[in-house]
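# Summary of structural features
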Amino acid sequence: MFVDRVRIFAKAGDGGRGCVSFRRAPHEPRGGPDGGDGGKGGDVVLVLDPHRDDLSHLLLSPHQIAPNGRPGMGATKAGRKGPDLVLPVPPGTVVSRIRSAPERGSKLLPLPAHDAELDRVVDMAPPIERFVLCRGGRGGWGNWHFRGPRNQAPRHADPGRPGESGQFVLELKLLADVGLVGFPNAGKSSLLRRLTSAEPKVADYPFTTLAPMVGVLEWPDGFRLTVADIPGLIRDAHLGKGLGDEFLRHVERCRLLLMVLDLSGAKPMDDFLLLRRELESYGRGLSERPFLIVGNKTDLPRARRAAVRSTRADGSNLVLVSALTGEGITELISALRKELTRNPRQAPCAAAASLSAQDSE
Ligand SMILES: Nc1nc2c(ncn2[C@@H]2O[C@H](COP(=O)(O)OP(=O)(O)OP(=O)(O)O)[C@@H](O)[C@H]2O)c(=O)[nH]1
Ligand SMILES: [Mg+2]
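Residues numbered from 1 in each chain as written. Chains lettered and ligands numbered in written order. Predicted model: local features only at pLDDT ≥ 70, side-chain atom pairs only at ≥ 80, totals over all residues. Heavy atoms only, no water.

## Considering the coordination of the magnesium ion (ligand 2)
Surrounding the magnesium ion (ligand 2) are the protein donor atoms Ser189 (OG) and Thr209 (OG1), at 1.9 to 2.0 Å. One end of the pair, serine 189, is in helix H2 (residues 188–195); the other, threonine 209, is in the loop between H2 and strand E10 (213–218), and 20 residues separate them in sequence. Residue threonine 209 is classed as buried on the basis of its relative accessible area of 12%. (Donors = N, O, S within 2.8 Å, 3.2 Å for Na, K, Ca; no water. Helix = DSSP H or I, 4+ residues; strand = E, 2+ residues; numbered from the N terminus. Buried < 20%, exposed > 50% of the residue type's maximum accessible area, 1.4 Å probe, protein only.)

In structure tokens, the structure reads:
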């Protein structure tokens, strides 16, 4: 199961107690204080792990508690430090603190509502490789520290500080340059296969893709970009229809969206408008993101007719391809590079107009 959102309770280790102890030796019956300091509690540390692609490892163990520091000992021996608790997370994990969460959760930690008050803590993406989420408590001072001219035999020591704790939401937002969005069966996964070496499942039924996948597209000169394929959207995805619009979070950070349309469908322009509407309802700037319209399946007769018509119109950000035969893929690849190198500005109208013209013919 692909898990891209989890809630955890994290607590760093408490500092170990300082020790109350006095030197005992045959020749020194009333030795001075020699209680050592407690060790520091372990930190809870997030570490970027490029080999991990989801957060499922945290779903079943939502309570992450680092070991405490050991107490100090006699002979001014310090207690051992609690080892750090390392939590590997995939690149693109956004961590937020739940503001009003109770100190410690119940066994099950349900995800907070989308409008819950969250404070962004860290975005685990390069160059950030490691982040201390909760700091371990300082170890307490042993009684040895408290000796002075007035009190040469202090009978108290410092108990040590508690480790930091909190409840957090970890949310994976894939890091890719280009995001494929479209209705089920439009051919998004087929396109990812054509463009990159990734091998997502392709099949002739809707919702073949259930988890996002990223592929890498590389040019001989070393220029490379990453492409994310997500499950298909349907009308009212933002109301939770189909698989909902949850997966759009994985294209939130894409610099360019490819709106994949099945040209052999009844009305590709309607699909385009519906897609736009879903992006608008989702918000977070997705509808203002630069995009290219990819008219797919040009090998099919009906689509071929639509394609011929649309090439006559000026569709500056419309690219016609067939993921099946490979037709138009070279053009799409150069269009991608061009768009991403010149940091594109949005020009949706021309292409939308050309599709609109072909619909009304
Ligand atoms: N004729 C033709 N069929 C295509 C083309 N591209 C994709 N298909 C077919 O369309 C069907 C759906 O393709 P997918 O790539 O799985 O579509 P998807 O958009 O990823 O679908 P979901 O994952 O369900 O959202 C498959 O049967 C493909 O073989 C194309 O260019 N021409
Ligand atoms: Mg797919």
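## Here's the deal with the site of ligand 1
Around ligand 1 there are 24 residues in total, and Lys188, Ser190, Phe207, Thr209 and Asp299 lie nearest to it. Serine 189 is positioned such that a nitrogen or oxygen atom in its side chain is 2.8 Å from an oxygen atom of ligand 1. Summarising the interface, the protein chains cover 91% of the accessible area of ligand 1, which totals 650 Å² for the free molecule. Of all the elements, H2 adds the most residues to the shell around ligand 1, at three residues. (Near = heavy atom within 4 Å. Polar contact = N/O pair within 3.5 Å; in protein donor to acceptor, adjacent residues only side chain to side chain. Areas by Shrake-Rupley, 256 points an atom, 1.4 Å probe, with all protein chains shown as cover.)

## What to know about the nonpolar core
Leu248, Val251, Leu257, Met259, Phe272 and Leu286 are the most contacted members of the largest nonpolar core, which has 26 residues in total. Those elements giving two or more residues to this core turn out to be strand E12 (256–262), helix H3 (268–282), strand E13 (291–296) and strand E14 (318–320). The element that contributes the greatest number of residues to this core is H3, accounting for six residues. Setting aside anything within four residues of it in sequence, one finds leucine 286 in contact with Leu248, Val251, Glu252, Leu257 and Leu279. Judged by nonpolar contacts, the second largest core, of 25 residues, contains Val178, Ala198, Leu225 and Leu336. (Core = buried A, V, L, I, M, F, W, Y, C linked by side-chain atoms within 4.5 Å. Contact = heavy atoms within 4.5 Å.)

## Details of a nonpolar patch on the surface
Together, Met1, Leu59 and Leu60 make up a nonpolar patch on the protein surface, roughly 410 Å² of accessible area in all. Mapped onto the elements of the fold, methionine 1 is located in the segment before strand E1 (5–11). (Patch = residues over 30% accessible without salt bridge, like charges linked within 9 Å, V, L, I, M, F, W, Y side chains within 5 Å. Salt bridge = Lys/Arg side-chain N within 4 Å of Asp/Glu carboxyl O.)

## Things to note about the packing of aromatic side chains
Both the distance between ring centres and the angle between the ring planes are used here to describe each pair of aromatic rings. Scanning the entire structure with this criterion turns up four aromatic pairs. Centre to centre, the rings of tryptophan 219 and phenylalanine 223 are 5.1 Å apart; their planes meet at 70 degrees, and the pair counts as edge-to-face. Classification of phenylalanine 223 as partly exposed rests on a relative accessible area of 23%. Taking NZ or CZ as reference, arginine 337 lies 4.2 Å from the ring centre of phenylalanine 223, over its face. (Phe/Tyr/Trp six-rings, centres within 6.5 Å; stacked < 30°, edge-to-face > 60°. Lys NZ or Arg CZ within 6 Å of the ring centre and 35° of its normal.)

## A closer look at H2
Among all positions of H2, only Lys188, Ser189, Leu191, Leu192 and Leu195 are buried. Seen from one end, H2 has its buried residues packed into an arc of 155 degrees, which puts them on one side. On its buried side, H2 packs onto strand E9 (178–182), E10, strand E11 (224–229), E12, E13 and helix H5 (329–341). (Arc of directions from axis to C-beta.)

## A look at H3
Given a rise of 1.5 Å per residue, 15 residues ought to cover 21 Å, and the 21 Å separating the end C-alpha atoms of H3 matches this to within 8%. The set of residues buried in H3 consists of Pro268, Met269, Phe272, Leu274, Leu275, Arg276, Glu278, Leu279 and Tyr282. A positive phi of about 80 degrees marks glycine 283, the residue just after H3. (Expected span 1.5 Å × (residues − 1).)

## Concerning the pairing of E13
Of all six residues in E13, six are buried; the element is thus mostly enclosed. Side-chain alternation along E13 places Phe291, Ile293 and Gly295 on one buried face and Leu292, Val294 and Asn296 on a second face that is also buried. Two elements, E12 and E13, share six bridges in a ladder whose sense is parallel. Bridge pairing links aspartate 262 to asparagine 296 in E13. Regarding topology, H3 serves as the crossover connection from E12 to the parallel E13, and that connection is right-handed. Bridging between E13 and E14 involves three bridges; their strand directions are parallel. Bridging across to E14, valine 294 finds its partner in valine 319. (Pairing = 2+ DSSP bridges. Right-handed = clockwise from strand over helix to strand, strands pointing away.)

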